[in-house]
Structure formats: structure tokens, C-alpha cells
Amino acid sequence: MIGDITEAKECRRKDPMDLFRSGQVVKICAPMVRYSKLAFRTLVRKYSCDLCYTPMIVAADFVRSAKARDSEFTTNKGDHPLIVQFAAKEAQVLCDAARIVCPFADGIDLNCGCPQRWAMAEGYGACLINKPELVKDMVRHVRNQIDNPKFSVSIKIRIHEDLKRTVDLCQKAEAAGVSWITVHGRSIEERHQPVHYDAIKTIKQSMSIPVVANGDIKTLKDAENVHQLTEADGIMVARGLLANPAMFAGYEETPFKCIQDWVDIALEHGTPFTCFHHHLMYMMERITSKQEKKVFNVLSSTSAVLDYLNDHYGV
């Protein structure tokens, strides 16, 4: 489960809240299914990312199955500060999962924003924004059962059509002791519609804890604009970082050094080929021609990819 447990434990004495107290906008890598794993987190941390989330993990499976723990959660001593995101609908299950990761991570996050049908059908994800008392209960339980006061408990939400309901949810979570709230500025139904940054600002103005803005942030300039628009304390990015893991360091597009770093890190971590290749497709999307993509995207082995990068880019 854990790359060198003792080292991970000794080095994990960071308080993620210190980032928010610094006065700087906190730059955050979003939880991304299949993608925000240890190797990718290692890469973005090299390029000015302050805080990383694991992909969403179903807490009940994680608690029940050692196999799930081994496959879903890997970390090491450099992987901090780290937030483990869980899908949960029962307070005690979330507490049990939090207790397992507490020695190796810096906080947990409750997913209240995933709009996928399977998650909603199971009672996970975005359907929780309509259950403020349950969210409050889950936050309070983790707060009460985890001894380490520096261990953060956060939530990631979507917004309601009626924003008063979202503000109510956030205030209930704050009263229960939530550390910060990440707001994806779209409703459950909205997918590619413009993000409601004004809604994030309204939520921020009604809270006294940090608020993180999320949605459609592709460049460092976008991040700065969204900070101005929302007054958010942090900016969380998903696809923007997939396309350019060096985004937070101010690069407009993925520099070749970053591609080289990804190759080195992925090989060192034994990243499965499909994941290794997909990340490169995302990173090279903006810097390759249609013709090049046709060739690169159908390569089927690590050695073929390495040869291609060497021949075309000297990587």
C-alpha cells in the first residue's frame, strides 16, 4: 500500500492549513479518476503545485478490502501535503477509512461533487449536496474520531440552482468543523456550460473558512483571473494540469523538460503503459500536429513511445 511506510510517516507532519494561512493563493491538483496517482502527483509537485489529491476512493471498499487499499492508495515521503478523497455515505465508514490513511496523509476530502450516474445511484458524490445534515454528521464524526488536530477534513461540492441551499450546506459543514470547501461552480446537470464564478464568490463571502475555486482553469493566467473574480483562497485544476503539468509554474504549454520528467518518473514508479501513454497524449495535445497525433496515439508499447520521443524531440 505505502511506498516505505516509516519514511512516509516521519515526513508527514505538514498541516495543509498552513498553506491557506500563507496569504498566497494555494495551487491544487484535483482528484482525477485514474490520473492523480502518485507518479503524476510527483510530477506536478516539481512544477509549483502546492497540494495534491488522490483519485476518489470508495471508502466502504477501502475499509473492507486489503486488495483495494493496495491498488488505490500509494504514497511516499515526498508526496506531501496529500489529501485522500473518499466517496462515502456513512459517517462511521468514512471515519474508519480516515483512520487507515491518517498516518500517511495530511487530510481527507469527502466527495460531494461527482455527478456520474453510478456514484449518484449508490448515494455517493453530488447527491450529498442535497443531504446537508448527513454531510455535517460525516464531517463531525471524522473531526471527533481522528486525534491529530492538524489532519484536515474538507469537502468538494457542486452548486444548487438555488444558491441559498449551497450556502446553507457550506455553513452547516463549517459549523461541524470542516477545514475548507472546494466549490466546482456548476450544478449537477451542467457539464460544459460556463462556470458560475459569481456563485463561488457568494459562497466565499458567506464563510470564514478557506474556499477553493474549481472549474475550467487552463492556465496560470486563468487561475489569477478566477482568484480575482471569486476571492477564493485556492485554485483547484484538473484537465488544465493533465494538458500541462507545468501550468502552475507559469508555462503556457508543456515544456519538453516536463515530458522528460514524466518519462523518468513514470519509469521509476512502474506506471502501467496505458496510463503512461495517456498522460503523454494529454501533455502533447497542444504541441503536436494532427499527423503526429495519428502516429503517436496508436503506439502500443513503452519502448515504441520512448523511441518516438527520442527520434522526434530528443527526449
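Remember, predicted model here, so these are calculated numbers, not experimental data.

Calculation rules
- Residues numbered from 1 in each chain as written.
- Predicted model: local features only at pLDDT ≥ 70, side-chain atom pairs only at ≥ 80, totals over all residues.
- Heavy atoms only, no water.
- Helix = DSSP H or I, 4+ residues; strand = E, 2+ residues; numbered from the N terminus.
- Expected span 1.5 Å × (residues − 1).
- Buried < 20%, exposed > 50% of the residue type's maximum accessible area, 1.4 Å probe, protein only.
- Contact = heavy atoms within 4.5 Å.
- Domains from an automatic or database assignment.
- Buried area = accessible area lost by both parts, 1.4 Å probe.
- Salt bridge = Lys/Arg side-chain N within 4 Å of Asp/Glu carboxyl O.
- UniProt positions renumbered as here; feature names shortened; annotations may be inferred.
- Axes fitted to C-alpha atoms, helices over the stretch in contact; angles between N-to-C directions.
- Parallel < 35°, antiparallel > 145°, perpendicular 65-115°, else oblique.
- Nonpolar A, V, L, I, M, F, W, Y, C, P; charged D, E, K, R; others polar.

(A) Spatial organisation of helix α13 (residues 256-269). With 14 residues, α13 should cover 20 Å at 1.5 Å per step; its first-to-last C-alpha distance of 20 Å lies within 8% of that length. Listing the buried residues of α13 in full gives C258, I259, D261, W262, V263, I265 and A266. Against the buried residues of α13 lie α3 (38-45), α14 (273-284) and α16 (302-313). Two residues or fewer past α13, G270 is found with a positive phi of approximately 65°.

(B) Local environment of unusual backbone geometry. The residue after H80, namely P81, is reached through a cis peptide bond having omega -5°. If you trace the backbone, P81 turns up in the loop between α5 (66-72) and β4 (82-87). Backbone geometry at D216 places phi at a positive 60°, although glycine is not the residue there. Locating D216 in the fold gives a position in the loop between β8 (211-214) and α11 (220-230). A positive phi angle, near 65°, is found at E231, a position not held by glycine. As for its position among the elements, E231 is in the loop between α11 and β9 (234-237).

(C) The domain arrangement of the protein, seen in detail. One can read the domain layout of the protein as domain 1 (16-249) and domain 2 (256-313). With centres defined by C-alpha atoms, the gap from domain 1 to domain 2 works out at 29 Å. The partner domain 2 presents 13 residues to the 16 residues of domain 1 that form the contact. Together, the buried faces of domain 1 and domain 2 total about 1300 Å²; carbon and sulfur atoms form 66% of this surface. Scanning the region where domain 1 abuts domain 2 turns up 0 salt bridges.

(D) Up close: the UniProt feature "active site" (unreviewed entry) in the protein. The sites that carry the UniProt feature "active site" (unreviewed entry) are, in the present numbering, C114. Excluding residues within four positions of it along the chain, C114 makes contact with M56, A119, M120, G125 and A126.

(E) Spotlight on the packing of helix α10 (residues 197-205) against α11. At their nearest, the axes of α10 and α11 sit 8 Å apart, and the two run at 55° to each other. For the element pair α10 / α11, the angle class is oblique. On α11, the residues touching Y197, I200, K201 and K204 of α10 are V226, L229 and T230. Tallied by class, the residues present in the contact of α10 with α11 amount to 4 nonpolar, 1 polar and 2 charged.

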